[in-house]
Amino acid sequence: MAEARISQDQFSCPVCLDLLKDPVTIPCGHSYCMSCITDCWNQVDQTGVYRCPQCRQTFTPRPTLCKNVIVAEVVEKLKDRKPQAAHCHAGPEDVECDVCTGRKYKAVKSCLDCLNSYCQYHLEQHDNLFKCRTHNLMDPTRRLHEMLCPQHKKQLDIYCRTDHQFICYLCIMDNHKNHDVVATVAERTGKQKFLEETQMKLRQNIQERVKELQVLREAVKTHKCSAKTAVKESEMLFTELIRSIERCRSKVKQLIRDREKAAVSRAEDVLKQLEKEIDDLKSRDVELEQVLHTKDDIDFLQSFKCLSAAPQSTVSHSITVSSSLSFDDVRHFVSELKEKLEDYCGEEMERKSDKVRYVTVTPPNEPKTRKDFLQYFRQFTLDSNTVHKQLRLSDGNRAATYTHILQQYPDHPDRYYSWRQVLCRERVCGRCYWEVKWSGKCLYISVSYKRISRKGCGNECGFGFNDQSWSLFCSSSGHRFGHNDSWTDVPVPSSYCRIGVYVDHSAGTLSFYNVSDTMTLIHKVQTTFYQPLYPGFYVNVSSLVKVCKLIK
């Protein structure tokens, strides 16, 4: 029963707040981990005076440390009473407890005063240790140090609207005196309300687009069904039309054959009569020949009486014999039918085609002249919270110049620390156009998502070297365009120094132009943008970039 009343707090090291490891008891009676008290006394070893970290009692000379066997046995038993944290081991995405040794447990709270994160077990130790004063606890985060003022080590709970940065209450009396400041919570409330309204409008637009998409899909489906039905019906009608023409062709063919047969039959009858008449005439000619050569006058005169009368022809002399039969009327009929059918089909198809309804999706026309581009012009300013310390801002934060002297910019989580880069404060929305003047050795003119990395020195931060940014590299030796570390050479005249950038965010187009009397396209990209874009620049040694004002 006595063991059940033992509290784990009684056997926790006051230094590391964890259960005692290799417990030792110093002369004042307080117990510590062997390593914790050893490290503590090693730091003051030169003074020769050693204190208890808890009660501050001093010892001279340095006490000899020996393991407390009894306390060690109790601690081992207490470890068996700590299984509730076994199922809370920190995963890859979890915040780890800063106090746990060995395998870390999942943190449940972070303390802004201690700058540590605690699991459930060590949070209880923390609360018991600081019962007298309340510490500022929050949900676990890996960004504890970023939430403190780097100058005063106080919580960043105030937002300076003048400089657009987070500050502590001591900063108000220092570098932000007479600035427009507000509590971070209040600033978040206003901005959150704005974002909620923006999100509401966005969702309304999404619903409208979804409805339009559904209507368009239904229209496409209806058109496909209508077209399929029309093709089927047309095929049936044309099949009937072909059959009708075939029947008409058969009738015309039969008419021609019948006419041919009648004409030939009639001609053959005349031929037979003519042949018989010719035979009769030849026989008479023979008889006349014989009579003409008769020497007996009495026979001649007797025969003359019979042969003097001319024979009567049985064939009508009005019959005209032609070398070919005529079918001009039939040929004319067929030709006229063909012309009328072709004219009718052509006229009807043209008339019906005008009545066919088409569903087309026409992309917006991209501007052609500089006047067209300027209707989408937007003024941008460079964000002082992102600029690298080797870039000097000027001209109302519209120009950036390389300098070897580090500028005294305050630390900020958005600042580039390795790459000599700077982002603009304003974001790109819809259709947007701006112009840039540059000079020097080389420059990167870019657009980027805001979540691009800032702290590292690898490709994750450089414009054009990752999937978060798109960049045009300009130099006197050559030009390239890059995205996700994939670079393409761009042929550009070396005389240009003013570049226009045009973005159609919804259409997913990014274009660079050489600005002169005419707009000459340098390079164009067709892609899909999933987040708002921000203009950005990388400025090399002895180079300068300036975001231009609108000059009409």
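Throughout what follows, the structure given in this document is the object of discussion.

## Things to note about helix H1 (residues 34-42)
Taken together, the buried positions of H1 are occupied by Cys36, Ile37 and Trp41. Mapping the buried residues of H1 onto a view down its axis gives an arc of 120°, with all of them on the same face. Against strand S1 (23-25), strand S2 (31-33), strand S3 (50-51) and strand S4 (58-59) lie the buried residues of H1.

## Observations concerning the pattern of salt bridges
Where charged atoms of side chains with opposite charge meet at close range, the side chains can pair. Counting across every chain of the model gives 14 salt bridges. Residue arginine 243 is joined to glutamate 240 by a salt bridge in which the shortest nitrogen-to-oxygen separation is 3.2 Å. With arginine 243 and glutamate 240 both in helix H4 (residues 184-292), this residue pair falls three residues apart, about one helical turn. Overall, the relative accessible area of 47% leaves arginine 243 in the partly exposed class. A salt bridge links aspartate 411 to lysine 389, with the nearest nitrogen and oxygen atoms 3.4 Å apart. Taken together, the positions of aspartate 411 in the loop between strand S12 (399-402) and strand S13 (421-423) and lysine 389 in the loop between helix H7 (370-374) and strand S11 (391-394) put the pair 22 residues apart, joining distant regions of the chain. Under the relative-accessibility criterion, aspartate 411 is labelled partly exposed at 44%. Overall, the relative accessible area of 23% leaves lysine 389 in the partly exposed class.

## Topic: a nonpolar patch on the surface
On the surface, a nonpolar cluster with roughly 410 Å² of combined accessible area is contributed by Phe238, Leu241, Ile242, Ile245 and Leu341. Looking at which element gives the most residues to the nonpolar patch, the answer is H4, with four residues. Within the element layout of this structure, leucine 341 appears in helix H6 (residues 328-354).

So, how was this worked out
Residues numbered from 1 in each chain as written. Predicted model: local features only at pLDDT ≥ 70, side-chain atom pairs only at ≥ 80, totals over all residues. Heavy atoms only, no water. Buried < 20%, exposed > 50% of the residue type's maximum accessible area, 1.4 Å probe, protein only. Helix = DSSP H or I, 4+ residues; strand = E, 2+ residues; numbered from the N terminus. Arc of directions from axis to C-beta. Contact = heavy atoms within 4.5 Å. Salt bridge = Lys/Arg side-chain N within 4 Å of Asp/Glu carboxyl O. Patch = residues over 30% accessible without salt bridge, like charges linked within 9 Å, V, L, I, M, F, W, Y side chains within 5 Å. Areas by Shrake-Rupley, 256 points an atom, 1.4 Å probe, with all protein chains shown as cover.

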